[in-house]
Amino acid sequence: MALPELIQRSVLFGNPDHLSPTVSPDGTLLGWVAPEDGVLNVWVASRDDLGQARAITHDRDRGVRDYLFCHDDRHLIYAQDRDGDENWRLYLLDLTTDDEARLITPGDGIQARILGHNRWHPSTVLIALNDRVPQLHDVHRLDLSTGELTLLAENPGFVEWLVDAE
């Protein structure tokens, strides 16, 4: 009996063609992750003209996999680590300009997590940072228009935060 043909490694472990499709909160844009020059990046297109899709991140190393359209209908946040260190940094892109992405969380050795963002608070995002104690993530408010981070709560020892709409 002949053995079945092996599945190619690239099929099992390679980059997908498209992943993480998302509709912007105002319904005008579609976003997804797909390769640009062989590296995963975030793409955006008007829902009315998918043919004009464009990559809005341009990573050439490990790629970008996680992103979030913001409820202010202007910004997009994406997470990226450096060389697999899992210290996720958050970057902010203004979708109305062609400006470069802005690093909005501190750099080396600090991990950022998005905790919450909703339509009731469209100009702010709650994020967790372990910038005070490496094992604990404190809660910060990010102002999307200024990029300012404000500490809201120091973590007294919780493994994870659960936030409500307020």
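Notes on the structure in this doc start here.

The rules behind these values
- Residues numbered from 1 in each chain as written.
- Predicted model: local features only at pLDDT ≥ 70, side-chain atom pairs only at ≥ 80, totals over all residues.
- Heavy atoms only, no water.
- Helix = DSSP H or I, 4+ residues; strand = E, 2+ residues; numbered from the N terminus.
- Buried < 20%, exposed > 50% of the residue type's maximum accessible area, 1.4 Å probe, protein only.
- Polar contact = N/O pair within 3.5 Å; in protein donor to acceptor, adjacent residues only side chain to side chain.
- Contact = heavy atoms within 4.5 Å.
- Pairing = 2+ DSSP bridges.
- Axes fitted to C-alpha atoms, helices over the stretch in contact; angles between N-to-C directions.

### Quick word on unusual backbone geometry
Next, step 1: In the Ramachandran plot, aspartate 37 falls in the positive-phi region, its phi being about 55° despite a non-glycine side chain.
Next, step 2: Structurally, aspartate 37 is set in the loop between strand E2 (29-36) and strand E3 (39-46).
Next, step 3: On the accessibility criterion, aspartate 37 (67% relative accessible area) is exposed.
Next, step 4: Even without glycine at this site, aspartate 73 takes up a positive phi of about 60°.
Next, step 5: Tracing the chain through its elements places aspartate 73 in the loop between strand E5 (66-69) and strand E6 (75-80).
Next, step 6: For aspartate 73, a relative accessible area of 42% gives the class partly exposed.

### Points about the side chain of histidine 140
Next, step 1: Checked against the element boundaries, histidine 140 lands in strand E11 (residues 136-143).
Next, step 2: Among the residues examined, histidine 140 registers a relative accessible area of 6% and is labelled buried.
Next, step 3: For histidine 140, the side chain forms a polar contact with the main-chain oxygen of aspartate 138, separated by 3.3 Å.
Next, step 4: With residues near it in sequence (within four places) discarded, histidine 140 still touches Val125, Leu126, Ile127, Leu129, Asp131, Leu149, Thr150, Leu151 and Leu152.

### Looking at the sheet that holds strand E9 (residues 112-116)
Next, step 1: The strand order E9-E10-E11-E12 describes an open sheet built from four strands, whose pairing is antiparallel. Whereas interior strands pair on both sides, the edge strands pair on one side only; in this sheet they are E9 and strand E12 (149-153). Each neighbouring strand pair of the sheet contributes to a mean axis angle of 40°, computed without reference to strand direction.
Next, step 2: In terms of strand pairing, E11 meets E12 through four bridges, oriented antiparallel. Each bridged residue has a counterpart across the sheet, and for valine 139 the counterpart in E12 is alanine 153.

### A look at the sheet that holds E2
Next, step 1: Here we have four strands laid out as an open sheet, ordered E1-E2-E3-E4, and antiparallel in their pairing. Both outer strands of the open sheet, strand E1 (19-23) and strand E4 (49-55), are each paired with one neighbouring strand and no more. With strand direction ignored, the average angle separating the axes of adjacent strands in the sheet is 30°.
Next, step 2: Direction of pairing for E1 relative to E2: antiparallel, over a ladder of three bridges. Among the inter-strand pairings, threonine 22 is bridged to a residue of E2, identified as glycine 31.

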